[in-house]
Structure formats: C-alpha cells, structure tokens
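Geometric and topological summary
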Protein chains: 2
Amino acid sequence: MKDMKCEIIGRQTLHFLNQPEIVSCASVVGPKEGRGPLSSGFDFIMEDALNNQSSYEASEQTMMEQACHRAMKKAEMQPDDISVMLGGDLLNQIITTSLTARSLSIPFLGLYGACSTMAESLLLGSCLVNCDAAKFALCTAASHYCTAERQFRYPLEYGNQRTPAAQWTVTGCGACILGKSSNSWAKVTYGTIGKVVDYQVTDVNNMGAAMAPAAADTLFQHFKDTGRTPKDYDMIFSGDLGMIGSQLLMALMQEKGMTLEKDKYQDCGLLIFNKADDVHAGASGCGCSASVLSAYILPKIRTGTWKRVLFMATGALMSTTSSQQGESIPGIAHAVSLEHIE
Amino acid sequence: MKDMKCEIIGRQTLHFLNQPEIVSCASVVGPKEGRGPLSSGFDFIMEDALNNQSSYEASEQTMMEQACHRAMKKAEMQPDDISVMLGGDLLNQIITTSLTARSLSIPFLGLYGACSTMAESLLLGSCLVNCDAAKFALCTAASHYCTAERQFRYPLEYGNQRTPAAQWTVTGCGACILGKSSNSWAKVTYGTIGKVVDYQVTDVNNMGAAMAPAAADTLFQHFKDTGRTPKDYDMIFSGDLGMIGSQLLMALMQEKGMTLEKDKYQDCGLLIFNKADDVHAGASGCGCSASVLSAYILPKIRTGTWKRVLFMATGALMSTTSSQQGESIPGIAHAVSLEHIE
C-alpha cells in the first residue's frame, strides 16, 4: 500500500492522494451567454453565433480551439507540453472535439458523457495526472445552441415553439489544464464515477427531470464513499439540471436524509443567462457547466472565497433514434471535489 | 521516482509498470461473422441480425450486454465486482453502450474513438488498473451492420450499391475484464495514445485510406517511444484498415524505414469474413477489432503461440454532417502491447 497514489473509496469514488492541480482554465462563449450575469468571467465572447465561420459546426470547433489555446497561453504552454487531451461534445461522433484535437495535434482520448462530459474529463484527467500517466492533461467540453438544436430538435429556421420545461443549450466551451505547478491555486482531491440511472422519463423537453435521479445517486454515493456530508462543502454545483431538475435533486436528497442547503447549492444552468432572456427552465449543454466552471467556480476557489467545492456535471443519455423508438432517457452524473490551495 | 507505477515514455506512450492483466474476455457476433473463419472463437453467435429484439438498435444493445455478461461469468464475477466500465460504439451519443451501462449498473465512463474504441478502452482501463484507480475494469466496444448502415449511409431497404473500397461493418461486440488474477495469461505492458491525423481523404467509402496515416503515425511513434521495432512483436494487428488501408500502412511504414513483415502483420478487418461473402475491401466497425481480439488474438496469446502482440485499433473521425459539409476524414489509432504470462 505504501506506493499507492490512488485509492478506491467505497463503491464509486477515487481518492487522488497525489492531488493533481488546476494549472489554468479558460472559457469562450456566445453573445447571449456573454450578456449574462457571468459576463466578466469569460475569456472571450464571440460576436455572433458563427464566430467568423461559414457554419455553426465550424463555429463550435473554433470556439473549442480558442478555449484550449487560451488555457495553454495562460499556463505558458504549447500543445507539445500537454501529454493528453480528454474531451467531448454533444454532436454526433463528438466531431467538434475530434476536429479540435486534429488542429491541436495533442494525443487525444475522446469522451462522451452528454452534459456530464466536463466532469468525466476532469475525473479521468486527474486520474492520469495523479498516477504519472500524464504530466499535463487538457480537459475540455463544448456545446453550441445552433448545432445542438438542429441535430437534436429542429433547425432554427423553423422557429419551433419551446415547452416550459425546455432548457437552452449553452454556446460555450471550457478548458482546464491539470498537472503540477508551483503557483497553483486549486487541486482535485476526489472523483466519484456515476452510474447510469433511469427513472423512465421520456419527455425530451424535460432533461432536468431525466438527469436529477442520476445526480442524486452520484451525490449520495459521494457522501457515502467519502464519509463527507453537504456541510463539508462550501458550495455544491450541479451541471445543468435547470429549474425543474435542481428542485427534484433537492427533494431527492432530502428523502435520502442529506439535505442540500439552498445557499450552498447552485445549478450552473441557472447562473449563465439573464432572467430577461427567458430561457424557460434554464441552460443546458456540456458547455454550460464547462464554461461556468472556468468563469465563475474556479475564480472563486482561486481567491479562497470557497475552500472546497463539489462540481457535479450531469448528462442525459439519449439519441434522437432512441427517443423516436420510445426509449426512456437515463441520466449519469460524475463529481469531482475541488479544493483551494493556500 | 520510487513509487512510480506508470511512466510516460517519449511523447505518446505509457509504460504500465504494475502490468494490468486480462482476467477474461468474451465476444458475441452476428450470423455472417459466425460463418466466417473465426467461427469457433466466438462465445455466442446470434441467430439473426435482430437477436430476438424488435429493432436493430435493441439488438446491438443486447449483444453488448451478452458479451459483458459472458466476460463476467468467465471471471466468476458480478457487476458489483467491477470498479468501472469503459466503452463505446458507433451510434450517435454512444447510445448502445450507455443503455448497456444502465442495465449492468456499473460506474460508467463513456468513450468515443470511432473504430479505435476497443484500444482506447483497453488503454484507459489498463491505466486505471495499473494505478489502483480500478480493481477490475470492463472494457468493451460494439458495432452492428444494420444500425451503422442506416445511420451513416442508407437504410438497408434501399439496397444501395457499394463501391469496391467500401468495408462491411461487423455486427459484433468484444468485452475484456482487466485486473489482477492468480491465473491470468496475458498482461498489458505499454499503451500508445494516438494523435488525430488527416491526409485530406474525403471519400466516405474509403475509410481504410482515411485511417492508414493515423495508424502509421501511432505505430511509428510506439516504436520511437519504446525503442522497440516490428521485430520485437510476434504479431502486429491493425483494427479495420481493410485491404486498401493495410496496404497503405505497409507502404507508409516502409517509407519510414520500419518495414512490417507480411507474416507478422495482420488486419482484423481481413480476418473475420469469408472471401465468398464478398465484403469488398474488408470488415470495419469498432466491433471488428473488439471481437477479433477476444476470439482470435487473446486465445493465441493465452496458449503462448504469440508471446508479444501489438493491438492497434484505428478510427475514422467523421459524422454525416461533417462529410456533408465537405470536411475531410481524419483518423486516429491507439495501440496496446499485450504479452503472454508464462
């Protein structure tokens, strides 16, 4: 046991004894996100949804490239300094991330966890850095409103009506570099790998309800595995449960006897847009938690406002085919514990 | 350095000093694959493409469930004994694997590497087991001819003509459990993480040509990083380059001064179907290398026929949208070194 660097705690949690650090982070978002309450935290706000490209898909890819380059620039690194890139997006065959990995030319492991991808990426990246399998790992996730709408729902030109439970896919990307550095201000201490949980929700316009049970499952398991309680965290963030999903999560946690205090729990999907923008039940997309992490959560850990934060991104595991075939929408959630370094 | 278990060698290779072992493996394939030369190696051959389900998508999912259950049964394990499941497939949002993870209820990390997924899964699984982040890891990848055709090309009912360069997607799934066991017969010693390489191939009916440059890149890098040469391996396997891609790989390696001997290099895509089945340039799909690994490669390592094998699965990173938008098709290849345990 003496040479153990990673320890499995309970059923689903990893304890990173070597404490991988956040070396840098960056975010790039669309104009609507850029007008929102987190405006000052984003590194770059695109002028429009096309980001000087000829298609929304190309726009999404350049957005991810820009976020990755900015994260590297802040860390004074070149692509050759990064051991591995771990990331994903919502588009079929994670094409955004694959094409970004092509232009960065960094050894690449593609991930898909729907909107849980940023946490999956941080969890695996931490694991690799913790165990000397990567010196520096670039972790990233992105989504784009216009590409997601036309792939999962309707082309924007339809002007389709949205239901009250619908969430608005964030146009945004977050990128973090994990590793070791003399001036780091945050470290990753635990990671809890989620199980796929299904409460038989079939409404593709109510992703919050589909994901909340998985969020409750991972959160409860994290506390069970680590022996921690909600009180041990200054803040707990879910990814993009939105208004309905986050209320369901609070109710489910109360049932399990692990009450989340209202002032110590927030959902990234309720932070990024202005109320006046009327996005119905909130924001979604894997770029939501990824960009909020970089623009809002990590800066507050950096300043020490929060000493210990649980970041739990949630994903709805569906495809248009599975929904058209009548499948229910299971969810998954992965969590990482982020702690301030004095 | 004393407590180091994983070592980064050169730019892209990991040396697993703790030597994760293959505890068990299993494969399930469709009837066409079951009639082929590897027939006796498969654990279960489906009676027809539907596998007693009402859709091809449900068939693919049950195929993966069956392969995972068989791998667990051989290892005398239950889902609760497995720390983590790592896998993926070709369908949008890797829905096959996500729904399989739902029914197995094992902590799940979704991957997407197109047809390189089995090697990506083994590489990450080995890393986790090597570093005590997983006691046992279930690594899997699947594809299904009927679901892939209708998603990437045309519904089967069209009876569409195939070009000579086209490859036939394997209906098959392979599953491996990695860990430590007193009676293991194979171990994973090195893993080389691929970069995304693009030679500007745009023909979606010639995946072999699109993937060969990435295969050559990873293979050359593996030799450079480890100091090994092709002569150090009893056999080198590429995933599904097919007839055109494997000839291109041999030509590219010759150019790089690392000649692959014809009797020591094989492509999984040229092994699984009978010649009489006329699959044109060979087999493809991430189920191809995954099922050939389990049914043909690992059994020969088990008996000691081959002491050291390099397993390199290759993926073409495209989506129907990217191709329709005129994007070229970049490739990726990951490699793991598998060695016989006396």
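Please refer to the structure placed before this passage.
Here's a quick rundown of the structure. Just so you know, the residues in each chain are numbered from 1, in the order the chain's sequence is written. The lettering of chains begins at A and the numbering of ligands begins at 1, in the order of writing. Note on the predicted model: pLDDT of at least 70 is required for a residue's local features to be given, and 80 or more for side-chain atom pairs to be given and counted; whole-chain, interface and lining totals, by contrast, use all residues. Only hydrogens and water are set aside; all other atoms, that is, all heavy atoms of the structure, feed into the side-chain values.

Brief notes about the interface of chain B and chain A
Here is the rule we go by: A contact between two residues is defined here by any heavy atoms of the two lying within 4.5 Å. Computed with a 1.4 Å rolling probe, the buried area is the accessible surface lost when two parts are put together, summed over both parts. In what follows, salt bridge is the name for a side-chain nitrogen of Lys or Arg lying within 4 Å of a carboxyl oxygen of Asp or Glu. Nitrogen and oxygen atoms within 3.5 Å of one another constitute a polar contact, given that in protein one can donate a hydrogen and the other can accept it, and given that sequence-neighbouring residues count only through two side-chain atoms. Helix numbering and strand numbering both begin at the N terminus, where a helix is a DSSP run of H or I of at least 4 residues and a strand a DSSP run of E of at least 2. Amino acids outside the nonpolar list (Ala, Val, Leu, Ile, Met, Phe, Trp, Tyr, Cys, Pro) and the charged list (Asp, Glu, Lys, Arg) are all regarded as polar, and Gly is one of them.
Contacts between the two partners involve 65 residues from chain B, matched on the other side by 64 residues from chain A. Buried area between chain B and chain A, summed over both chains or domains, comes out near 4,900 Å², and the portion from carbon and sulfur atoms is 59%. Broken down residue by residue, the surface that chain B buries against chain A is led by R11(B), Q93(B) and R102(B), which jointly contribute 15%. Its salt-bridge partner being E327(B), residue R102(A) comes within 3.2 Å of it at the nearest N-O pair. The interface formed by chain B and chain A contains 22 residue pairs in polar contact (both at pLDDT 80 or more). Every element with two or more residues in the side of chain B that touches chain A is listed here: β1 (6-9), α2 (56-74), α3 (95-104), β6 (108-110), α4 (117-130), α5 (145-152), α9 (320-324) and β15 (331-340) of chain B. Residue contributions to the side of chain B that touches chain A peak at five residues, all from α3(B). Counted by class, the side of chain B that touches chain A contains 32 nonpolar, 18 polar and 15 charged residues.

What to know about the nonpolar core
In plain terms, the rule: Residue types Ala, Val, Leu, Ile, Met, Phe, Trp, Tyr and Cys, when buried and joined through side-chain atoms within 4.5 Å, form a set referred to as a nonpolar core. Accessibility here uses a 1.4 Å probe with only protein chains present; expressed as a share of the type maximum, an area under 20% marks a residue as buried, one over 50% as exposed, and anything in between as partly exposed.
By size, the foremost hydrophobic cluster in this structure holds 242 residues, and its most contacted members are I297(A), F311(A), I297(B) and F311(B). The contacts of F311(B), once residues within four sequence positions are left out, are M118(B), A119(B), L122(B), F237(B), C268(B), S289(B), L293(B), I297(B), H334(B), A335(B), V336(B) and L338(B).

Some points on the packing of aromatic side chains
Heads up, the rule is: Classification of ring pairs rests on two measures: the distance between centres of Phe, Tyr or Trp rings, Trp counted by its six-membered ring, which must be within 6.5 Å, and the angle between planes, read as stacked under 30 degrees, edge-to-face over 60 and tilted in between.
Enumeration over the complete set of coordinates arrives at 12 aromatic pairs over all chains. Geometrically, the ring pair formed by Y145(A) and W168(A) is stacked, given 4.0 Å between the ring centres and 5 degrees between the ring planes. Placement of the pair is Y145(A) in helix α5 (residues 145-152) and W168(A) in strand β8 (residues 168-169), with a sequence separation of 23 residues. You'll find Y145(A) and W168(A) in the same group, each marked buried. A centroid spacing of 6.4 Å and a plane angle of 55 degrees characterise the contact between F223(B) and Y233(B), whose relative ring orientation is tilted.

Thoughts on helix α7 (residues 242-255) of chain B
Residues and elements named next belong to chain B. Condition: By this rule the span expected of a helix is its residue count minus one, scaled by 1.5 Å.
Its 14 residues give α7 an end-to-end C-alpha distance of 20 Å, which sits within 8% of 20 Å, the value for a rise of 1.5 Å per residue. In the core, the buried residues of α7 are packed alongside α6 (207-226), β11 (235-238), β12 (265-267) and β14 (308-316). Directly beyond the C-terminal end of α7, a positive phi value near 80 degrees is found at G257.

Concerning the pattern of salt bridges
Residues and elements named next belong to chain B. Going through the model one piece at a time under the given rule, you end up with 22 salt bridges over all chains. One salt bridge connects R150 with E57, and the closest N-O pair in it is separated by 2.6 Å. Remark: E57 occurs in helix α2 and R150 occurs in helix α5; sequence separation between them is 93 residues. Judged by its relative accessible area of 10%, E57 falls in the buried class. Residue R308 pairs with E339 through a salt bridge whose shortest N-O separation is 3.3 Å. Here the residue R308 occupies a position in strand β14, and E339 occupies one in strand β15, the gap between them amounting to 31 residues. By relative accessible area, which is 23% here, R308 ends up partly exposed.

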